[in-house]
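So the chains spell out like this:
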Amino acid sequence: MTDDAPKSALELAMARLRKKDQDEGVETRPVSEEQRAAIADVRRVSEAKLAEREILHKAALRRIEDPESRAALEGEYQRERERILADRDRKIEEIRRE
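Residues numbered from 1 in each chain as written. Predicted model: local features only at pLDDT ≥ 70, side-chain atom pairs only at ≥ 80, totals over all residues. Heavy atoms only, no water.

1. Some details on the overall build of the protein
Next up, step 1: Check the secondary structure of the protein and you find three helices and zero strands.
Next up, step 2: Counting from the amino terminus, the protein carries its helices and strands in the arrangement α-α-α.
Next up, step 3: Over its C-alpha atoms the protein spans a radius of gyration of 21 Å, topping by over 25% the 13 Å that the globule rule assigns to 98 residues.
Next up, step 4: Dimensions along the principal axes, computed over C-alpha positions, put the protein at roughly 60 × 30 × 25 Å.
Next up, step 5: For the protein, the proportion of its 98 residues judged to be buried stands at 15%.
Next up, step 6: Summarising the internal contacts of the protein: among those between residues at least 6 apart in sequence, 67% fall at separations of at least 24.
Next up, step 7: Carbon and sulfur atoms form 51% of the exposed surface of the protein, whose accessible area is close to 8,100 Å².
Next up, step 8: In the protein, which carries 23 positive and 25 negative side-chain charges, the distance between the mean positions of the two groups comes to 1 Å. (Helix = DSSP H or I, 4+ residues; strand = E, 2+ residues; numbered from the N terminus. Rg over C-alpha atoms; globule rule 2.2 N^0.38 Å. Buried < 20%, exposed > 50% of the residue type's maximum accessible area, 1.4 Å probe, protein only. Contact = heavy atoms within 4.5 Å. Areas by Shrake-Rupley, 256 points an atom, 1.4 Å probe, with all protein chains shown as cover. Lys, Arg positive; Asp, Glu negative; His and termini not counted. Charge placed at Lys NZ, Arg CZ, Asp CG, Glu CD.)

Structure below.
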């Protein structure tokens, strides 16, 4: 793609973000193959945990009829999902910093 060609909104946004990072002194380093493999592994593990929690959550919902208990169970499930996702993101960020 030449510099004369029109750019998509995504390309423009990415260019602005790169410029902002450069102005702030943020260093960008390419991710190594070893890091890619570690990140993929972290994602696979978190997807497995999420799938397991979803299966257990649906099974528990089938046993509960009380709306208040169902709402409490749903809240617990959402908190657990957020914890797993936050843990995944934290681990990926640690791998990228290595």
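Still more ground to cover, so stick around.
2. A look at the layout of surface pockets
Next up, step 1: Reported here for the largest pocket is a volume of approximately 190 Å³.
Next up, step 2: What lines the largest pocket is Glu27, Thr28, Arg29, Pro30, Val31, Gln35, Glu93, Arg96, Arg97 and Glu98.
Next up, step 3: Among the elements that take part in the lining of the largest pocket, helix 3 (residues 67-97) stands out by supplying three residues, more than any other.
Next up, step 4: Here the residues of the lining of the largest pocket are counted per class, giving two nonpolar, two polar and six charged. (1 Å grid on protein atoms, 1.4 Å probe; cavity = no way out; pocket = protein on both sides within 12 Å on 5 of 7 lines; lining within 4 Å. Points joined across faces, edges and corners; volume = space filled by probe spheres on them. Nonpolar A, V, L, I, M, F, W, Y, C, P; charged D, E, K, R; others polar.)

3. Overview of a nonpolar patch on the surface
Next up, step 1: On the surface, Leu10, Met14 and Leu17 cluster together to form a nonpolar patch covering roughly 300 Å² of accessible area.
Next up, step 2: With respect to the element layout, Leu17 can be found in helix 1 (residues 9-24). (Patch = residues over 30% accessible without salt bridge, like charges linked within 9 Å, V, L, I, M, F, W, Y side chains within 5 Å. Salt bridge = Lys/Arg side-chain N within 4 Å of Asp/Glu carboxyl O.)

4. A closer look at helix 3
Next up, step 1: Look at helix 3: 45 Å from first C-alpha to last across 31 residues, which is about the 45 Å you get at 1.5 Å a residue.
Next up, step 2: Restricting attention to buried positions, one finds in helix 3 the residues Leu73, Tyr77, Ile84, Leu85, Asp87, Ile92 and Ile95.
Next up, step 3: Structurally, helix 3 contributes buried residues whose contacts are with helix 2 (33-63). (Expected span 1.5 Å × (residues − 1).)

5. Some details on the pattern of salt bridges
Next up, step 1: For the coordinates displayed, the defined rule picks out 10 salt bridges.
Next up, step 2: The residue Lys19 makes a salt bridge to Asp23 at a minimum N-O spacing of 3.0 Å. Of this pair, Lys19 and Asp23 both sit in helix 1, four residues apart, which is roughly one turn of that helix.
Next up, step 3: Residue Lys19 is classed as partly exposed on the basis of its relative accessible area, which comes to 45%.
Next up, step 4: Given a relative accessible area of 54%, Asp23 falls into the exposed group.
Next up, step 5: Ionic pairing is found between Arg90 and Asp87, a salt bridge with its closest N-O pair at 2.4 Å. Of this pair, Arg90 and Asp87 both sit in helix 3, separated by three residues, roughly a single helical turn.

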